[in-house]
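# Close look at the chain arrangement
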Amino acid sequence: MPRRFLQFVCLALVALLNFHVRVEAVDSAAGLEYKVKGAFLFNFAKFTEWPAGSFSTPTSPLLIGVFPSDPAAPILKQVLNAATVNGRPLLLKWLTPDDDLRSCHLIFLSRAEKDRAASVIAAVKDAPVVTVGETERFAHDGGIINFIQRDGSVRLEINLVAAERVGLKMSSKLAGMGKLVKGGRN
Amino acid sequence: MNVLLALSLVLNEARSAEVPKSDEAFLRMSMDDLMSIKLVTATRVAADSFSLPFMTAAYGRQDFERRLPRTLPDWLDETPSVMVQKTAYGQASPYIRGFTGFRTLLLVDGVRVNNSTFREGPNQYWSTIDPLSLDRVEIIKGPGSVLYGSDAIGGTVNAMTLGGQPRGLEDQEMWRTFYRIGSAGESHIARGEFHGYLNDRTSLDLGVSAKKFSDLRGGEEVGPQRKSGYPEYDVDGKLSYFVTPHVQLVLAHQTVLQDDIWRTHSTIYGSRWEGLVPGTDLERSADQKRHLSYLQLHATELDSFVEQVHVSLSHHFQGEDQVRVRGNSRRDLSGVDVHSLGLTVQLESPSPLGRWVYGTTFYRDWVSSYSERYLANGNLDRVDIQGPVADDSTYDLVGAFVQNQLPAWGPLELTVRGRYDHAAADAGRIGDPVSGLPTSFSGSWNSFVGGGRALVHLDEEQHWNVFAGVGQGFRAPNLSDLTRFDIAGSGQIETPSTGVDPEYFTTYEAGIKTRYDRAEFEAAYFYTDIREMIVRRPTGAIVNGLSEVTKQNSGNGYVHGVELQGSVRVHPQWTVRAGFTWMAGEIDSFPTSDPNMKVREPVSRLMPMTGLVGLRWDHPKKKFWAEGVCTLAEKQDRLSEADRSDTSRIPPGGTPGYVVGTLRAGWRINKNASLTAALENVANTDYRIHGSGINESGRNLVLGMDVRF
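Remember, it's a predicted structure, so these values are computed and weren't measured experimentally. (Residues numbered from 1 in each chain as written. Chains lettered and ligands numbered in written order. Predicted model: local features only at pLDDT ≥ 70, side-chain atom pairs only at ≥ 80, totals over all residues. Heavy atoms only, no water.)

## Some details on helix H2 (residues 32-46) of chain A
The line we're drawing: Helix numbering and strand numbering both begin at the N terminus, where a helix is a DSSP run of H or I of at least 4 residues and a strand a DSSP run of E of at least 2. Expected helix span is computed as 1.5 Å times (number of residues minus one). Summary of the burial criterion: residues with accessible area below 20% of their type's maximum are buried, those above 50% are exposed, and those between are partly exposed, where the area comes from a 1.4 Å probe applied to protein chains only.
Compared with the 21 Å implied by 1.5 Å per residue over 15 residues, the 21 Å span of H2 of chain A between its first and last C-alpha is a close match. Counting buried positions over the 15 residues of H2 of chain A gives 14, a clear majority of the element.

## What to know about the packing of aromatic side chains
To be explicit about the condition: Ring pairs are drawn from Phe, Tyr and Trp, using the six-membered ring of Trp, whenever the two centres fall within 6.5 Å, and their geometry is named by plane angle: stacked under 30 degrees, edge-to-face over 60, tilted for the rest. Here, over-ring charges are defined by two tests on the NZ atom of lysine or the CZ atom of arginine: distance to the ring centre within 6 Å, and angle to the ring normal within 35 degrees.
Inspection of the entire model under this criterion finds 20 aromatic pairs over all chains. Between the aromatic rings of Phe-213 of chain B and Tyr-230 of chain B, the centroid separation amounts to 5.0 Å while the plane-to-plane angle is 50 degrees, which identifies the pairing as tilted. Taken together, the positions of Phe-213 of chain B in strand S10 (residues 202-213) and Tyr-230 of chain B in strand S11 (residues 230-244) put the pair 17 residues apart, joining distant regions of the chain. The pair Phe-213 of chain B / Tyr-230 of chain B is uniform in exposure class, with both members buried. Ring centres of Trp-262 of chain B and Tyr-269 of chain B lie 5.7 Å apart, and the angle between their planes is 70 degrees; this geometry places the pair in the edge-to-face category. An aromatic cluster is built from Tyr-34, Phe-40, Phe-44, Phe-108 and Phe-147 of chain A, whose rings are joined through pairwise contacts. When the ring centre of Tyr-269 of chain B is taken as reference, the NZ or CZ atom of Lys-227 of chain B above it lies at 5.4 Å. For Lys-513 of chain B, the ring lying beneath its charged end belongs to Phe-467 of chain B, and the centroid distance is 5.4 Å.

## Considering the sheet that holds strand S4 (residues 105-108) of chain B
Residues and elements named next belong to chain B. To keep it simple, the criterion reads: For two strands to pair, DSSP has to find at least two bridges joining them.
Strand order in the open sheet formed by five strands is S1-S6-S7-S4-S5, and the pairing between neighbours is mixed. Looking along the sheet, the strands with just one partner apiece sit at the ends: strand S1 (56-60) and strand S5 (111-112). Bridge count between S4 and strand S7 (residues 155-161): four bridges; the pairing is parallel. Bridge pairing in S7 links Leu-105 to Thr-156.

## A short note on the environment of Gly-611 of chain B
Residue and element names in this part refer to chain B. Turning to its location among the elements, Gly-611 is positioned in strand S29 (residues 610-618). On the accessibility criterion, Gly-611 (3% relative accessible area) is buried. Considering only alpha carbons, one finds Gly-611 and Phe-580, 31 residues apart in sequence, at a separation of 4.3 Å.

## Some thoughts on the pattern of salt bridges
Note on pairing: side chains with opposite charge can pair once their charged atoms come close. Residues and elements named next belong to chain B. Selection criterion: Any Lys or Arg side-chain nitrogen found within 4 Å of a carboxyl oxygen on Asp or Glu counts as a salt bridge.
Applying the stated rule across the entire model yields 57 salt bridges over all chains. For Arg-97, the salt bridge goes to Glu-563, with nearest N and O atoms at 3.2 Å. Here Glu-563 lies in strand S26 (residues 546-571) and Arg-97 lies in the loop between strand S3 (91-96) and S4, a separation of 466 residues in the sequence. The residues Arg-97 and Glu-563 share a single accessibility class, namely buried. Asp-384 is paired through a salt bridge with Arg-382; the nearest N and O atoms lie 2.6 Å apart. Given a relative accessible area of 15%, Asp-384 falls into the buried group. Assessed through its relative accessible area of 33%, Arg-382 is described here as partly exposed. A single network of salt bridges, built from pairs that share partners, joins Glu-65, Asp-130, Arg-176, Arg-191, Glu-193, Lys-211, Glu-232, Asp-234, Asp-236, Arg-668, Asp-706 and Arg-708.

## Examining a nonpolar patch on the surface
Residues and elements named next belong to chain B. Under the convention used in this document: Patch definition: residues with relative accessible area over 30% and no salt bridge; like charges joined within 9 Å; nonpolar side chains (Val, Leu, Ile, Met, Phe, Trp, Tyr) joined within 5 Å. Here the open area of atoms and residues is found with the Shrake-Rupley method and a 1.4 Å probe, where only the protein chains shown may cover a residue.
Taken together, the side chains of Leu-198, Leu-239, Tyr-241, Val-243, Leu-249, Leu-251, Leu-295, Leu-313, Leu-341, Leu-343 and Trp-366 make up a nonpolar region of the molecular surface, amounting to roughly 880 Å² of accessible area. Mapped onto the nonpolar patch, the elements with two or more residues apiece are S11, strand S12 (247-262) and strand S15 (331-351). With three residues, S11 is the single largest residue contributor to the nonpolar patch. Topologically, Leu-251 is positioned in strand S12.

## Observations regarding the confidence of the model for chain A
Filter applied, for reference: As a per-residue measure, pLDDT tells how confident the predictor is, with possible values from 0 to 100. Here a residue-residue contact requires only that any non-hydrogen atoms of the pair lie within 4.5 Å.
Counting all residues, the mean pLDDT for chain A is 79, and 80% of those residues have values of 70 or more. For the stretch residues 8-30 of chain A, pLDDT sits under 50, and the model shows 58 contacts to residues farther than four places along the chain or on other chains.

## Description of the pairing of S29 of chain B
Residue and element names in this part refer to chain B. Within S29, seven of the nine residues are buried, which leaves it mostly tucked inside the rest of the structure. Sheet topology note: the strand S27 (residues 574-589)/S29 ladder contains eight bridges and is antiparallel. Directly across from Arg-577, in S29, lies its bridge partner Gly-614. In this structure, S29 lies alongside strand S30 (residues 624-633), joined through nine bridges in antiparallel fashion.

## Things to note about the environment of Arg-331 of chain B
All names here are of chain B. Note on placement: Arg-331 falls in strand S15. Exposure remark for Arg-331: the relative accessible area of 34% places this residue in the partly exposed category. Excluding residues within four positions of it along the chain, Arg-331 makes contact with Glu-283, Val-323, Arg-324, Val-325, Glu-372, Arg-373 and Tyr-374.

## Considerations on helix H3 (residues 73-80) of chain A
Going by this rule: What the arc describes is the spread of directions from the helix axis to the C-beta atoms.
Buried within H3 of chain A are the following residues: Ala-73, Ile-75, Leu-76, Val-79 and Leu-80 of chain A. Buried residues of H3 of chain A, seen end-on, are gathered within an arc of 160 degrees and therefore sit on one face of the element. Those residues of H3 of chain A hidden inside the fold are in contact with H2, strand S2 (62-66), strand S4 (88-94) and strand S5 (106-108) of chain A together with helix H2 (23-28) of chain B. Positive phi shows up at Ala-82 of chain A, right after H3 of chain A, with a value of about 70 degrees.

## Describing the pairing of S2 of chain A
Residue and element names in this part refer to chain A. Across the five residues of S2, five count as buried, placing the element largely inside the fold. Both faces of S2 are covered, namely the face carrying Leu-62, Ile-64 and Val-66 and the face carrying Leu-63 and Gly-65. Where S2 and S4 come together, five bridges link them in parallel fashion. The partner of Ile-64 across the bridge, within S4, is Leu-92.

## Here's the deal with the environment of Val-535 of chain B
All names here are of chain B. Within the fold, Val-535 resides in strand S25 (residues 519-543). For Val-535, a relative accessible area of 9% translates into the label buried. Along the sequence, Val-535 and Pro-438 sit 97 residues apart, while their C-alpha atoms lie 24 Å from each other. If we skip the residues at most four places from it in the chain, Val-535 touches Thr-550, Lys-551, Gln-552, Ser-554, Gly-555, Ile-587, Asp-588 and Phe-590.

Below, the structure written as structure tokens:
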């Protein structure tokens, strides 16, 4: 191996040891996708206005429903833990089949829970609940927001008509971030 | 040593992640930033590149808009372990981990561009992909033969085309125009696109590109490089129909036409830069055409033990016509037409024992070729039995593969793969270089290859991953190995060699990846063991006035190297990135016609030690961005005998090193328009990529405008 290459390796190692980066939190390789999507959920909560009466007090928590069997659940909990939106704490609610899903403000269904999609959408079809999925046609079938992948990155499909029908107001910033679709509960 | 010092000093500042990824930082990110996070789909299973047990790179439209590459190979040139050699301005051939030509594999939407006429050394075919028609390019470095079949040795590139999107409420017709102008070669690239929907289930995408490249101007000393310009025309279209939300049918076509691309180095117009010796031909030029059509079925989220089905039926035509006018005014015309029929089926099944990916591939080539020789007075001298490869030939490549991504075992993730291939050649008309009579040849070969890779999460927080793997690559002898009767390198002619067998390569690789909120870094070491590679050997005979070389399975050797890449966001608006490549390799070669005289020498056209550092600024609202990039390459003086004798491409003593700086900036004017400007090679340096037949551009002002309406 050439001497100059060894010199380079030494210099590169020194360089590596010298750089200082403030470590802020954990990153999960397998969970990157759901950390990104967790942050999107945070933004959905931030840029959506629920109709009057959706919260009992100005500081009532904003409930995000997730089925505990969903492999995304622990990652979402990790990302959204202790977060607040517009003065309201975000609380992850572990859903059971017997729960009244309309008590949630937002429900997330990952690919692993795709079999529940139709029943969840039907259960909240008249309630101001932001249903978020990640399977094809989720928003066309009546879900409010769907995650899709384009160009290797996360993109959004938004069923704005369905949202407005149940009194949800999405800011133009949020509506402008996604592709508008229609269907389902329109 | 100056290069090393400069690189190390900059590396001291340079480890970064494109986007922050710690939990709190995620919540601070804008939705724009969240959408900029890239996932890699190299395995067709969406995955975070950080968790893949190999080195990859992926480039999308955003990267294209920032860099405005002129060709597909140019798009790859900032990738560690990739050296984009250019025999001519329109003939670029990436060396990936030391290999190029038929030892790298190019796919377009999963369809092989490689066919059985691809030759040893650099070729021109990668330049026949219109980058403006692409949505995304992925590079998988190292052997991919188990998944992709023959030729995937140095690396595999999958170029994915635009279009085929499902319809949304706001999706109506959309037109797009793009124009790029470059000053160093007075290059003009214009494209028009249409994206529309015939109904709720059917999308239609059409694109037309027209390109005109005048003679490329080199650096301060070299100036204009005569006879290097050429025109190109491209058409592409895609009709996509969603049978159900999860079942998509895609019918696509693309055409590329290139005219009159000169291999200037072998003519009297070649450069004398740094002691280069131009060739003696009065003309060496080629026309290139390519037509790809395919019908694909993609079914996902199926409720059965087979979760995904991908089927592709393709027809690919690639044709080339070459003109050579010798110093004595004799004129040679030759050409090859290849029709390739391809059928691939890939299935995916989750199971308690892991995720299985399995399938089969079939490709058949129909090849015709010609060669006509004319006297200086224009009269026909003779019509040869064959062109560059055997005339009236077929070549079959049939394979079956299986991969299992085993369930994670604690911090350990394992992937194992296996593949069987059968290749068969039926060469109808071969010119016997000794008797001058026509002959024919039939042969077949079988190959089994396998591999396994492991990834271990070193810490619970998964900031650090290490990976290791061993993989086999193989290449069955193709019609070029068996029957090529054409110019090889500089001043040699390759004659048919029907006695060769498949060549095998085993690559051992280990690497580490780390990623924190604002920084990421990847490093890998690879060692490729080369066994019985098909190499050229002089016969001592003179054929058509050139030294004859034949081929045999006797190239044993290795290539190994180190690649590093990383970036750090030093400030919310500032990102520093860097890449580095070092590699070396040796192989047995036969410098004379004596078969017993074997020497161990450097692998031909090995990438020199190369580094890249860049600093980018992004406006907080993404309206503007600016970037400075500096590329450094060391002099490449580790030369093979073939390199030393390639005096029209490689200067005596080796290709000089260089330091080249580029500035880029962009303005997103509004949602539908963006403007990019770049000043390439700011110092107007004379330089060439090792092994190239043409120098890179001198100072080059590039402007690109993208408007959608």
